[in-house]
Amino acid sequence: NEIEDRISESLRSALVRIDTQGNISGKCGTMKNKKNPSRCLPRKKAQSLTKAERKASAQKKKREGKKGKQFVKNPK
């Protein structure tokens, strides 16, 4: 459906990918390894976190993702 495609593209562009060093590293959904995805966050949320907080979140996502978890909460 064309409308659904536009909505999902709009939502995807509002999300950013966070690498394990805490850097904002591009659009969400552009990760090559689908079995072990990167952390994706809304752009505003990502920018509101410190680099250390983004790093901790991304590393937790990788750790839990290796165990097969798709949804991983941000650390406190």
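Caption draft 1: How the structure looks around the overall build of the chain. From N to C terminus, the chain includes 3 helices and 3 strands. The order of α-helices and β-strands along the chain, N terminus first, is α-β-β-β-α-α. A buried classification covers 25% of the 76 residues belonging to the chain. Long-range contacts, defined as pairs at least 24 residues apart, comprise 44% of the intrachain contacts of the chain with a sequence gap of at least 6. Accessible surface for the chain amounts to roughly 5,700 Å². Of this, 53% is attributable to carbon and sulfur atoms.

Caption draft 2: Geometry of the pairing of strand S2 (residues 24–27). Summarising the sheet, strand S1 (residues 15–18) and S2 pair through 2 bridges and their orientation is antiparallel. Counted as the bridge partner of Ile18 is Ile24 from S2. Hairpin connection from S1 to S2: 5 residues lie between these consecutive antiparallel strands, with Gly22 at a positive phi of about 90°.

Caption draft 3: Layout of the nonpolar core. Residues Val16, Ile18, Leu41, Ala46, Leu49 and Ala58 constitute the largest nonpolar core, which totals 6 residues. With near-sequence residues (within four places) excluded, Ala58 lies in contact with Ile18, Asp19, Thr20 and Arg39.

Calculation notes
- Residues numbered from 1 in each chain as written.
- Predicted model: local features only at pLDDT ≥ 70, side-chain atom pairs only at ≥ 80, totals over all residues.
- Heavy atoms only, no water.
- Helix = DSSP H or I, 4+ residues; strand = E, 2+ residues; numbered from the N terminus.
- Buried < 20%, exposed > 50% of the residue type's maximum accessible area, 1.4 Å probe, protein only.
- Contact = heavy atoms within 4.5 Å.
- Areas by Shrake-Rupley, 256 points an atom, 1.4 Å probe, with all protein chains shown as cover.
- Pairing = 2+ DSSP bridges.
- Core = buried A, V, L, I, M, F, W, Y, C linked by side-chain atoms within 4.5 Å.

By themselves, these observations are geometric and do not establish any function.
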